[in-house]
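Next come the chains, spelled out residue by residue.
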Amino acid sequence: MSRSLRGAAAIVGVADACSPTGELEHFGRDLETRMVLEALEDAGLGLADVDGICHAQSAMSFAEYLGVHPRFTDSTNTGGSSFEVHAEHAAAAIAAGVADVVVSVYAATPRSDRKQGRSFGRVPPPGPNPAAEWEWPYRLRMPIGPYALAASRHMYEYGTTSEQLAEIAVSTRRWAELNPRARFRDPITVEDVLASPMQCSPLHLLDCCLVTDGAGAFVMTSAERARSLRKQPSYVLGAATCHDHMMISQMPDLTTTPGAVSGPAAFEMAGVKPDDVSVLLGYDSFTITALLHLEDLGFCGKGEGGAFAEEGRTAPGGQLPMNTNGGGLSYTHPGMYGMFLIVEAVRQLRGECGARQVEGADIAVAHGSGMVLSCMSTLVLGSEATL
Amino acid sequence: MSDRAVPDPSPASAPFWEATRDRRLVLQWCTDCDQPVQYPRSFCPRCHGSCLDWREASGQGVVHAATVEHRPERMGETEHYAVVLVDLDEGARLMANLVGCEPGEVHVGAPVQVTWEPLEDGRQLPLFELRRG
């Protein structure tokens, strides 16, 4: 059965919070609520318009806090890609008439929590836990360890080098230099990345994303309603998701993510090819993560990601502007970064990005990666001209 | 490595852990599609059959992917250690530590064999070491 969400819905409001210090004043429900209100304000809507809530932990608890009684509810948690999945579900719900105005929100403040000794408890998974039996005894550090294993395999199969991975961190930092809200803005070199302390080989400290506070929200409604709102709509052209494992020892192929399924499916729905993409927001939890996206989304062939990343191809002025906000590597990364991909995609399509604005951006891809390369969700957004 | 916490087996994995008491590596096997099922389950996730058996494994395999932890203190350890995915000759993939070698000897593609570390309850944890020579 084929289906299409193309042009049915649009993102009409966005908000995010982060800080060059990596810390935010507010946290928890308070911070989430601020994001929702800010995103609604951005759209020219109010809480009374909201009839759908997405939240990666508990949409019910958050809706109760807001005093909203949604008829569409989604607590899907696929890790960092949760918000791309929320966008896909919200577009489907809006297209089916199940909801009219859907909000997705995220907030996490790991940096401040640690500093202030805040703890919120953790719930163990129910029943026998395969990870506890088959992986945890071996002390693989999470989340970096699984990515290190994938990088080691990519190097073995395709000759990818640490220098090539470092190029991704360098190009991303060059975008962060253009973003006054980014956590780290000082230029770095390939040599800096290789000289940064080794963590889990072959990944160095500067191959890893940040740990910062951060929060964000988006508002989606029907294309029809979007046209009467405050800002230029960012239309959903394509959306698709795939997950193929939870534990890294169960990943079918350590060098090919389920983005090789979600990416082409979303592009096909959108009717676009990789060459048509103005801006790629590709989840960069680690440099290897972004490299795998380049291959799996078809910007280059399998095994060619290392060579593609060279020569600043994804940096300002390069052929494929990638992670223009500075990414998880240099902008912000509170744990589930996918929300910030969407926020930046929308801002690029609206032309709100100042010094880092990609000239004439009309198609932006937010490609979320969740858990340990486990769940990929690809969202293709476009301006009015692309409909 | 200090304090290996291994939970009680699930009903499906109990035969695996029982065999480790005798330092035997056994794999759940789907007799319908004739392939190992790792991790053990109540059915075969490949062919969805339920004819499951247990077979002795050779304990030999090849390192499929590898990482060395360079900040062991982050994990409550004092020495660098290697975590690997091993492809057993029988076709199953296991996570384990590669022990008895220097960090510089940890390579993808290296031939390895199983070795064992006793747990407090009499079970043994499978680990791997390099096959030398």
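Report on the accompanying structure. (Residues numbered from 1 in each chain as written. Chains lettered and ligands numbered in written order. Predicted model: local features only at pLDDT ≥ 70, side-chain atom pairs only at ≥ 80, totals over all residues. Heavy atoms only, no water.)

### Comments concerning helix α14 (residues 338-350) of chain A
The line we're drawing: Counting from the N terminus, the helices are the DSSP runs of H or I reaching at least four residues and the strands are the DSSP runs of E reaching at least two. One less than the residue count of a helix, multiplied by 1.5 Å, gives the span that helix is expected to have. Working definition: with a 1.4 Å probe on protein chains only, accessible area under 20% of the residue-type maximum means buried, over 50% means exposed, and in between means partly exposed.
Compared with an ideal rise of 1.5 Å per residue, which puts 13 residues at 18 Å, α14 of chain A spans 19 Å between its outermost C-alpha atoms and is within 8% of the ideal. Across the 13 residues that make up α14 of chain A, a large majority, 13, are buried.

### Topic: the environment of Cys 30 of chain B
Residues and elements named next belong to chain B. Applicable threshold: In this analysis, two residues are considered to be in contact whenever any of their non-hydrogen atoms come within 4.5 Å of each other.
Structurally, Cys 30 can be placed in strand β1 (residues 26-30). Sequence spacing of Cys 30 and Arg 93 is 63 residues, and the spatial spacing of their C-alpha atoms is 15 Å. Excluding anything up to four places from it in sequence, Cys 30 contacts Gln 35, Val 37, Cys 44, Cys 47, Cys 51 and Leu 52.

### Considerations on the side chain of Thr 212 of chain A
Residues and elements named next belong to chain A. Test applied: Definition of a polar contact: a pair of N or O atoms within 3.5 Å, with one able to donate and the other able to accept a hydrogen when the atoms are protein atoms, and with sequence-neighbouring residues admitted only if both atoms are side-chain atoms.
Here Thr 212 is to be found in the loop between α8 (190-195) and β5 (214-222). Polar contacts involving the side chain of Thr 212 include one to the side chain of Thr 332, which spans 2.6 Å. A polar side-chain atom of Thr 212 sits 2.9 Å from the main-chain amide nitrogen of His 333. For Thr 212, the contacting residues outside a window of four places in its chain are Gly 22, Ala 108, Pro 110, Arg 111, Arg 183, Thr 332, His 333 and Pro 334.

### As for the sheet that holds strand β3 (residues 52-56) of chain B
All names here are of chain B. Put simply, the rule reads: Two strands pair if DSSP finds at least two bridges between them. Here, axes are lines fitted to C-alpha atoms. For helices the fit covers the stretch in contact, and angles between N-to-C directions go from 0 to 180 degrees.
Spatially, β2-β1-β3 is the arrangement adopted by the three strands of the open sheet, whose pairing is antiparallel. Taken across any chain shown, the strands that pair with only one partner, and hence form the sheet edges, are β2 (35-37) and β3. Neighbour-to-neighbour, the strand axes of this sheet turn through a mean angle of 50 degrees, independent of strand direction. Pairing of β1 with β3 involves five bridges; the strand directions are antiparallel. By the bridge assignment for β3, Val 26 is matched with Glu 56.

### Observations regarding the state of the cysteines
This is how it is decided: Cysteine sulfur pairs qualify as disulfides if the two atoms are within 2.5 Å.
Scanning the model with the defined rule gives zero disulfides over all chains in all. The closest cysteine sulfur to the non-disulfide-bonded Cys 51 of chain B is located on Cys 30 of chain B, 7.2 Å from its own sulfur.

### Digging into the sheet that holds strand β8 (residues 363-370) of chain A
The strands making up a sheet associate through backbone hydrogen bonding, with each pair oriented either parallel or antiparallel. Residue and element names in this part refer to chain A. Taken in spatial order, the nine strands make up an open sheet running β3-β2-β4-β5-β1-β6-β9-β8-β7, and their pairing is mixed. Each having just a single partner strand, β3 (72-74) and β7 (279-282) make up the two edges of the open sheet. Shown here is a sheet whose adjacent strand axes are inclined to one another by a mean of 20 degrees, direction ignored. The pairing of strand β1 (residues 9-17) with β5 spans eight bridges and is antiparallel. Bridge pairing in β5 places Ala 15 opposite Ala 217.

### Quick word on the packing of helix α3 (residues 82-95) of chain A against α14 of chain A
Residue and element names in this part refer to chain A. Rules: Working rule for angles: under 35 degrees goes down as roughly parallel, over 145 as roughly antiparallel, 65 to 115 as roughly perpendicular, anything else as oblique. All amino acids are sorted into three groups, where Ala, Val, Leu, Ile, Met, Phe, Trp, Tyr, Cys and Pro are nonpolar, Asp, Glu, Lys and Arg are charged, and the leftover types, Gly among them, are polar.
Here α3 crosses α14 at 60 degrees, and the two axes come no closer than 6 Å. Comparing the axis directions of α3 and α14 gives the class oblique. Note on element contacts: α14 touches α3 through Gly 338, Met 339, Leu 341 and Ile 342, opposite Phe 83, Glu 84 and Ala 87. Partitioning the contact of α3 with α14 into residue classes produces five nonpolar, one polar and one charged.

### What to know about the packing of aromatic side chains
Our working rule: Aromatic rings from Phe, Tyr and Trp, with only the six-membered ring used for Trp, were paired whenever their centres fell within 6.5 Å, and each pair was classed as stacked if the ring planes differed by under 30 degrees, edge-to-face if by over 60, and tilted otherwise. In this analysis the charged atom, NZ for Lys or CZ for Arg, is taken to sit over a ring once it is within 6 Å of the ring centre and within 35 degrees of the ring normal.
Tallied over the entire structure, the rule returns 10 aromatic pairs over all chains. Ring plane angle 80 degrees and centroid distance 6.4 Å describe the contact between Phe 267 of chain A and Phe 299 of chain A, whose orientation is recorded as edge-to-face. Within this pair, whereas Phe 267 of chain A is found in helix α10 (residues 259-270), its partner Phe 299 of chain A is found in the loop between α11 (287-296) and α12 (305-309), the two being separated by 32 residues in sequence. The pair formed by Phe 267 of chain A and Phe 299 of chain A is uniform in burial state, with each residue classed as buried. Each ring, one from Tyr 337 of chain A and one from Phe 340 of chain A, has its centre 5.6 Å from the other, and the planes form 20 degrees; the classification is stacked. For Phe 340 of chain A, a relative accessible area of 1% puts it in the buried group. Through a chain of ring-to-ring contacts, three or more aromatic side chains come together here, namely Phe 83, Tyr 106, Tyr 283, Tyr 331, Tyr 337 and Phe 340 of chain A. The ring of Phe 27 of chain A has Arg 118 of chain A sitting right over it, with the charged end atom 3.7 Å from the ring centre. In this structure, Arg 41 of chain B packs its charged tip against the face of Tyr 39 of chain B, placed 4.0 Å from the ring centre.

### Things to note about the side chain of Thr 378 of chain A
All names here are of chain A. Among the structural elements, Thr 378 can be located in strand β9 (residues 375-382). One polar contact links the side chain of Thr 378 to the main-chain amide nitrogen of Gly 263, over a distance of 3.4 Å. Among the polar contacts made by the side chain of Thr 378, one reaches the side chain of His 367 at a distance of 2.9 Å. In this structure Thr 378 touches Gly 238, Ala 239, Ala 240, Ser 262, Gly 263, Ala 266, Phe 267, Leu 297, Val 365, Ala 366 and His 367, once residues within four positions along its chain are discounted.

### Topic: the pattern of salt bridges
This is how the line gets drawn: Any carboxyl oxygen of Asp or Glu within 4 Å of a side-chain nitrogen of Lys or Arg constitutes a salt bridge here.
Within this structure, the stated rule accounts for 31 salt bridges over all chains. Asp 87 of chain B is the partner of Arg 93 of chain B in a salt bridge, and the nearest nitrogen-oxygen pair spans 2.7 Å.

### Remarks on the interface of chain A and chain B
Using the following cut-off: When two components associate, each loses some accessible surface as probed by a 1.4 Å sphere; the sum of these losses over both components is called the buried area.
The partner chain B presents 41 residues to the 28 residues of chain A that form the contact. When chain A packs against chain B, close to 2,900 Å² is buried across both sides, 59% of that on carbon and sulfur atoms. By the criterion of area lost to chain B, the three top residues of chain A are Trp 134, Tyr 138 and Arg 139 of chain A, representing 31% of everything that side buries. For the interface between chain A and chain B, the tally reads two salt bridges. Between Glu 69 of chain B and Arg 141 of chain A there is a salt bridge, with the nearest N and O atoms lying 2.7 Å from each other. Put simply, the parts of the chain that give the side of chain A that touches chain B at least two residues each are α5 (130-134) and α6 (144-158) of chain A. Residues of the side of chain A that touches chain B, tallied by class, amount to 17 nonpolar, six polar and five charged.

Read these as geometric descriptors, not functional statements.
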